[in-house]
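Each chain is listed here by its residues.
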Amino acid sequence: MPSLSRFSRRQGLAAALALATTAFTGLAQAEPLTGKTLKLLVGFPAGGGTDAIARVLAESLKDELGATVIVENKPGAGGQLAAQTLKAAPADGTTLFLSHDHSISILPQVVKTPGFDPVVDFVPVAGFATFVNSFAVSGGTPAKSFNEYVAWVKSAGGGKGAVGVPAPASVPEFLVKLIAEKYKLDLVAAPYRGSAPMMADMLGNQIAAGVGSVPDFIENHKSGKLRIVAVLGGTRQLALPDVPTFAELGLAGFEDVPYYGVFAPAGTPKPALDQFSTALAKVLAKPAVRDRLTAMGLTVGHMTGEQLGSRERAYTATWAKIIKATGFVPQ
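The shown structure was predicted, so the numbers you read here are calculated from the model rather than taken from an experiment.

A. Spatial organisation of the overall build of the protein chain. Within the protein chain, the regular secondary structure consists of 12 helices and 11 strands. By principal-axis analysis of the C-alpha atoms, the protein chain measures approximately 105 × 40 × 30 Å. Restricting the contact set of the protein chain to residue pairs at least 6 apart, pairs at least 24 apart contribute 78%. Only carbon and sulfur atoms are counted for the fraction: they give 58% of the accessible area of the protein chain, which is about 14,600 Å². Looking at the protein chain, you have 30 positive and 25 negative side-chain charges, and the mean spots of the two groups are 4 Å apart.

B. Main features of helix α8 (residues 195-203). Burial in α8 covers these residues: Ser195, Met198, Met199 and Met202. The buried residues of α8 occupy an angular sector of 95° when projected down its axis, which confines them to one face.

C. Looking closely at the sheet that holds strand β4 (residues 122-130). Spatially, 6 strands are ordered β2-β1-β3-β10-β4-β11 in an open sheet, and the strand pairing comes out mixed. Looking at the sheet topology across the chains shown, the edges are occupied by β2 (68-73) and β11 (299-304). When the angles between neighbouring strand axes are averaged without regard to direction, this sheet yields 25°. In terms of strand pairing, strand β3 (residues 95-100) meets strand β10 (residues 259-265) through 4 bridges, oriented antiparallel. When the bridges of β10 are listed, His100 appears paired with Tyr260. Across the sheet, helix α2 (residues 49-65) is in contact with β1 (37-42), β2, β3, β4 and β10; its angle to β2 comes to roughly 165°. Those strands touched by helix α4 (residues 101-110) are β3, β4 and β10, and its axis lies near 75° from that of β3.

D. Expanded view of the nonpolar core. Counting residues in each nonpolar core, the largest one holds 48 residues, and the members touching the most others are Phe135, Phe146, Tyr149, Ile179, Leu187, Phe246 and Trp319. Tallying contributions element by element places helix α7 (residues 171-183) first for this core, with 8 residues. With residues up to four places along the chain from it excluded, the contact list for Tyr149 reads Phe135, Val137, Ala143, Val163, Leu187 and Ala209. By size, the runner-up hydrophobic cluster in this structure holds 36 residues, among which are Leu38, Ala54, Val71 and Tyr260.

E. A look at the side chain of Thr95. Within the element layout of this structure, Thr95 appears in strand β3. With residues up to four places along the chain from it excluded, the contact list for Thr95 reads Lys39, Leu41, Leu86, Ala89, Ala264 and Pro265.

F. Inspection of the pairing of β1 at higher detail. One ladder, built from 6 bridges, connects β1 with β2; its direction is parallel. Bridged to Lys39 within β2 is Ile70. Since β1 and β2 lie parallel, the crossover through α2 that links them has a hand, and here it is right-handed. As paired elements, β1 and β3 share 3 bridges and run parallel to each other.

Definitions and limits used
- Residues numbered from 1 in each chain as written.
- Predicted model: local features only at pLDDT ≥ 70, side-chain atom pairs only at ≥ 80, totals over all residues.
- Heavy atoms only, no water.
- Helix = DSSP H or I, 4+ residues; strand = E, 2+ residues; numbered from the N terminus.
- Contact = heavy atoms within 4.5 Å.
- Areas by Shrake-Rupley, 256 points an atom, 1.4 Å probe, with all protein chains shown as cover.
- Lys, Arg positive; Asp, Glu negative; His and termini not counted.
- Charge placed at Lys NZ, Arg CZ, Asp CG, Glu CD.
- Buried < 20%, exposed > 50% of the residue type's maximum accessible area, 1.4 Å probe, protein only.
- Arc of directions from axis to C-beta.
- Pairing = 2+ DSSP bridges.
- Axes fitted to C-alpha atoms, helices over the stretch in contact; angles between N-to-C directions.
- Core = buried A, V, L, I, M, F, W, Y, C linked by side-chain atoms within 4.5 Å.
- Right-handed = clockwise from strand over helix to strand, strands pointing away.

Geometry only, nothing functional implied.
Written out as structure tokens, the structure reads:
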């Protein structure tokens, strides 16, 4: 018969093993993404503003999450392909969609059958920034300001001109239409498959002007290869203090700024959402990361999933009114 001391030792060992197992299970439940490979979908080509932002965040997120974070570009249709990919992905937190307003708030309003419904198919994980769209002219365009651009189109182009936009039926395209109406110009919005090919044509002076986010243009603006001449939003941008807002130029009504956020498939467990949101908040608090994103033209600030959802709904409602006022018919 085993001695009492041996029995006690066995009991103690079993208890310790059970405690360790329970602790490990609790840790795994608390940190469901740790040790896994995460795909961060981007709906635009490599080399554009959204891609650059995603790579800055992925670099730091991998350390905070203890996971591998891969940026996967799914360009096409203004982020529609990436959104459809997210909808079809497993709801386990390992596939996420880093997107700005166009794919989430605008695209479902301008496409008859987008193949996804962000309200039903997605859940907001966390937001990390707001930004503004901007109007830029190519280096071969003589205009040094927005008013000079308008005067140049009237004199050199007989009032006609083409303005690049990174996606069809986007906020930039609607802005081109409103600019044309206000300044009595015959401007045509030329849609591209993302900001990168649009910028390539602008840098090659194949197109005289373009509308896109400040992050899309800012590096080439700083190097003098193109010039940002106006921005949307209620105030001038910290990264562009000398560039006026459209409100200053007399085109008001665009003070509601777009957002950047991360979304997951509907049904993703809350612990996974919370872990990612917490990690993102820690990443955004790092001065090196914040400074890099600010230099790209972003106004950095963490939003919880609930706050991002509220921001998404408000922005969608704002642009629903504008889109309806332009008479645009979903295609």
